[in-house]
Amino acid sequence: MKYMLLINADGIDEQGGAAGCEPADWMAYDKQVRDAGILVSGESLADLVTATRVRVAADGTRMVTDGPFAESREVLGGFYVIDVPDLDAALDWAARCPGARDGSIVVRPVADFG
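Owing to the predicted nature of the structure, the values given are computational and were not obtained by experimental measurement.

J.: Run through helix 2 (residues 87-96), naming residues and quoting values.
T.: Three- or four-residue spacings in an α-helix give side chains the same orientation, since the helix completes a turn every 3.6 residues. Those residues of helix 2 that sit buried are Ala89, Ala90, Trp93 and Ala94. For helix 2, the angular spread of the buried residues around the axis is 140°, confining them to a single face. In helix 2, the exposed residues that point more than 90 degrees away from the buried face are Asp88 and Ala95. In this structure, the buried side of helix 2 is in contact with strand 1 (2-9), helix 1 (23-35), strand 5 (75-83) and strand 6 (103-109). The distance from a side-chain oxygen at the start of helix 2 to the backbone nitrogen of aspartate 88 is 3.3 Å, and the residue carrying that oxygen is aspartate 86.

What follows is the structure, given as structure tokens:
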């Protein structure tokens with residue numbers, strides 16, 4: 001079953017990375033999920049200041065907001081999609097993720113519409 005691991009950082013460092021995580025930590029985790037054969041996809045997101053939010057009002061008017069707009073302390077930093085037997089296995093991999101140290105990992109099943 002496929003699960004998405006959404007990596008939320010509680011804060012970012014001066015370089016825009018997750019506080020408390022070194023690049024080597026991410027490279028090691030990336031190698032682990034690849035070597036285990038469970039990686040479907042994964043990406044790190046660019047700096048928050050590059051984000052753009054789009055909303056559409058009830059009348060169809062498009063509203064675009066540039067730049068940082070986080071409405072919570074957490075910042076979505078990236079994701080992995082993994083293919084594992086069950087939720088317990090997904091939770092185990094989420095706990096190994098460096099982003100779980102100073103942030104959180106949201107684990108969600110990927111819908112299969114056949």
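J.: Please set out the sheet that holds strand 5 residue by residue, giving values where relevant.
T.: By way of backbone hydrogen bonds, the strands of a sheet pair with one another, either parallel or antiparallel. Taking strand neighbours across the sheet as the criterion, the four strands line up as 2-5-1-6 in an open arrangement whose pairing is antiparallel. Strand pairing shows two members of the sheet lacking a second neighbour, strand 2 (39-44) and strand 6, which therefore form its edges. For this sheet, the mean angle separating the axes of adjacent strands, direction not counted, is 20°. Where strand 2 lies against strand 5, five bridges are found, and the strand directions are antiparallel. For leucine 39, the partnering residue across the bridge sits in strand 5 and is isoleucine 82. Packing against the sheet, helix 1 makes contact with strand 1, strand 2 and strand 5, and its axis sits at approximately 20° to strand 5.

J.: Any details on the nonpolar core? Residues and values, ideally.
T.: In terms of nonpolar packing, the biggest core is built from 16 residues, with Leu5, Ile82 and Val84 touching the most fellow members. For this core, the secondary-structure elements that each account for two or more residues are strand 1, helix 1, strand 5, helix 2 and strand 6. When residues of this core are assigned to their parent elements, the largest contribution, four residues, is made by helix 2. Setting aside residues up to four positions removed in sequence, isoleucine 82 forms contacts with Met1, Lys2, Tyr3, Leu5, Ile38, Val40, Ala90 and Trp93.

J.: Tell me about the packing of aromatic side chains, and please be specific about residues and values.
T.: By convention here, two paired aromatic rings are described through the distance between centres and the angle between planes. Following the criterion strictly, the structure yields two aromatic pairs and no others. Consider the rings of tyrosine 29 and tyrosine 80, whose centres lie 5.2 Å apart with planes at 80°: the pair is edge-to-face. You can see tyrosine 29 sitting in helix 1 and its partner tyrosine 80 sitting in strand 5, a full 51 residues away along the chain. Look at tyrosine 29 and you get buried, because its relative accessible area is 2%. Clustering of aromatic rings is evident, with ring pairs tying together Tyr29, Tyr80 and Trp93. The ring of tryptophan 93 is capped by arginine 96, whose NZ or CZ atom sits 4.0 Å from the centre of that ring.

Rules of the game
Residue numbers here run from 1 along each chain, matching the order of that chain's written sequence. Given that this is a predicted model, residues contribute local features only at a pLDDT of at least 70 and side-chain atom pairs are listed and counted only at 80 or more, while totals for whole chains, interfaces and linings are drawn from all residues. Where side-chain values are given, they derive from all heavy atoms of the structure, hydrogens and water being excluded. Residue exposure (1.4 Å probe, protein chains only): buried if accessible area is under 20% of the type maximum, exposed if over 50%, otherwise partly exposed. Each helix is a run of DSSP H or I of at least 4 residues and each strand a run of E of at least 2, with the numbering of both proceeding from the N terminus. What the arc covers is the set of directions going from the helix axis to the C-beta atoms. By definition in these notes, contact holds between two residues if any of their heavy atoms fall within 4.5 Å. Distance and chemistry together define a polar contact, namely a pair of N or O atoms within 3.5 Å, with one atom able to donate a hydrogen and the other to accept it when in protein, and with adjacent residues in sequence counting only for side-chain atoms on both sides. Whether two strands pair comes down to DSSP finding at least two bridges between them. Every axis in this analysis is a line fitted to C-alpha atoms, fitted for helices over the stretch in contact. Angles between the N-to-C directions lie between 0 and 180 degrees. To define a nonpolar core, start from buried Ala, Val, Leu, Ile, Met, Phe, Trp, Tyr and Cys residues and group those joined through side-chain atoms within 4.5 Å. Between 30 and 60 degrees the pair is tilted, below 30 it is stacked and above 60 it is edge-to-face, where a pair is any two Phe, Tyr or Trp rings, Trp via its six-membered ring, whose centres lie within 6.5 Å. Lysine and arginine charges are scored as sitting over a ring when NZ or CZ, respectively, is within 6 Å of the ring centre and within 35 degrees of the ring normal.

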